[in-house]
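Spelled out, the chains give:
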Amino acid sequence: MAQHPTTGFDLEQTDLLLKTTKQVRKRLDLTRSVPYEELLECIDVANHAPMGGNLERNRWMIIDDADTKAEIAEYFAAVGRPYLAMNAEVRADDRSTKVIDSATFLVDHLHEVPALVLAMRLDRVPDGSSTGAYAGYYGSVLPGVWSFQLAARSRGIGSAWTTFHLEHEAAVAELLGIPPTVTQVCLLAVGYYTGDSFTPAPRRPAADVTYLNRWKQPVQ
Ligand SMILES: Cc1cc2nc3c(=O)[nH]c(=O)nc-3n(C[C@H](O)[C@H](O)[C@H](O)COP(=O)(O)O)c2cc1C
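All of these numbers come straight from a predicted model, not from anything done at the bench. (Residues numbered from 1 in each chain as written. Predicted model: local features only at pLDDT ≥ 70, side-chain atom pairs only at ≥ 80, totals over all residues. Heavy atoms only, no water.)

*Asks:* Residues and numbers for unusual backbone geometry, please.
*Replies:* In the Ramachandran plot, Asn54 falls in the positive-phi region, its phi being about 55 degrees despite a non-glycine side chain. Mapped onto the elements of the fold, Asn54 is located in the loop between α2 (36-46) and β1 (58-63). With a relative accessible area of 64%, Asn54 lands in the exposed category. Non-glycine residue Asn213 carries a positive phi angle of around 65 degrees. For Asn213, the location among the structural elements is in the segment after β4 (183-192). (Helix = DSSP H or I, 4+ residues; strand = E, 2+ residues; numbered from the N terminus. Buried < 20%, exposed > 50% of the residue type's maximum accessible area, 1.4 Å probe, protein only.)

*Asks:* Requested: an account of the packing of helix α3 (residues 66-90) against helix α7 (residues 169-176), with residues and values cited.
*Replies:* Where α3 contacts α7, the two axes come as close as 10 Å, and the packing angle between them is 175 degrees. As summarised for this structure, α3 and α7 are arranged roughly antiparallel, according to the angle between their axes. For the pair α3 and α7, the contacting residues are Thr68, Glu71, Ile72 and Tyr75 in the first and Ala171, Val172, Leu175 and Leu176 in the second. Broken down by class, the residue content of the contact of α3 with α7 amounts to six nonpolar, one polar and one charged. (Axes fitted to C-alpha atoms, helices over the stretch in contact; angles between N-to-C directions. Parallel < 35°, antiparallel > 145°, perpendicular 65-115°, else oblique. Contact = heavy atoms within 4.5 Å. Nonpolar A, V, L, I, M, F, W, Y, C, P; charged D, E, K, R; others polar.)

*Asks:* Account for the sheet that holds β1, naming residues and giving values.
*Replies:* Taken in spatial order, the four strands of this open sheet run β1-β2-β4-β3, and their pairing is antiparallel. Taken across any chain shown, the strands that pair with only one partner, and hence form the sheet edges, are β1 and β3 (157-162). Each adjacent strand pair in this sheet contributes to an overall mean axis angle of 25 degrees, direction not counted. The pairing of β3 with β4 spans six bridges and is antiparallel. In the strand pairing of β4, Gly158 is matched with Gly191. (Pairing = 2+ DSSP bridges.)

*Asks:* Please provide a residue-by-residue account of the packing of α2 against helix α6 (residues 142-153), values included.
*Replies:* When two helices pack together, their arrangement is given by the angle between their axes and by how far apart the axes lie. Running from amino to carboxyl end, α2 crosses α6 at an angle of 135 degrees, the nearest separation of the two axes being 8 Å. Taken together, the axes of α2 and α6 lie oblique to each other. Viewed along their axes, α2 and α6 form a crossing whose handedness is right-handed. In this structure, α2 contributes Leu39, Cys42, Ile43, Val45 and Ala46 to the contact, and α6 contributes Gly144, Ser147, Phe148, Ala151 and Ala152. (Left-handed = near helix turned anticlockwise from the far one by under 90°.)

Taken by themselves, the reported measurements are silent on function.
Printed below as a string of structure tokens:
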């Protein structure tokens, strides 16, 4: 156990959680529902993520009604299917093919996923806002989505981050009774995962993507 000398955290465990929380699609158990208590625990963890001004303006919706999921799945597929088909043609490397295959599986099965969790924010970023305003806006809600995924993963619950349905945000808002002043930012497909381990994805070494004091100057 690689326990940190001052914090006491087991770094092996915490780093493993952070590196192996993957988007789970094919390994979602479509036959087993996830209790609301478990989802609320994950949302509670998510609500501890950083948010600009410490304003609690994020909202969540759990969607497990079969007809509602089916309707959302249609909007999802209307965008996801052509997008993934187009990408399959232009991105034929192994890594892309795997992601496209997995994402296509989710397009085909979204309506069967035990729960969809929709992350929202109570207001809308004004059109034409500055880069800083966009960063502050989305930066106040998306860290919570990631915290949800981490909390879920450590409870045996897999999730997949999706955005395809956002092209039909207004129609989905109407379906769900969400006021037009609210922004949807992410739809998580959620279910217990099958199997018991995940492998960290290959990523470029930190030193390759980190600069020191000046653009492209390496950290020695
Ligand atoms: C902003 C954002 C939008 C995404 N949208 C989708 C989506 O609509 N459908 C999907 O299957 N995956 C979606 N993903 C998941 C990415 O494909 C995935 O994170 C990436 O392939 C890396 O895989 P990993 O997270 O399992 O390491 C999205 C991820 C992010 C951060």
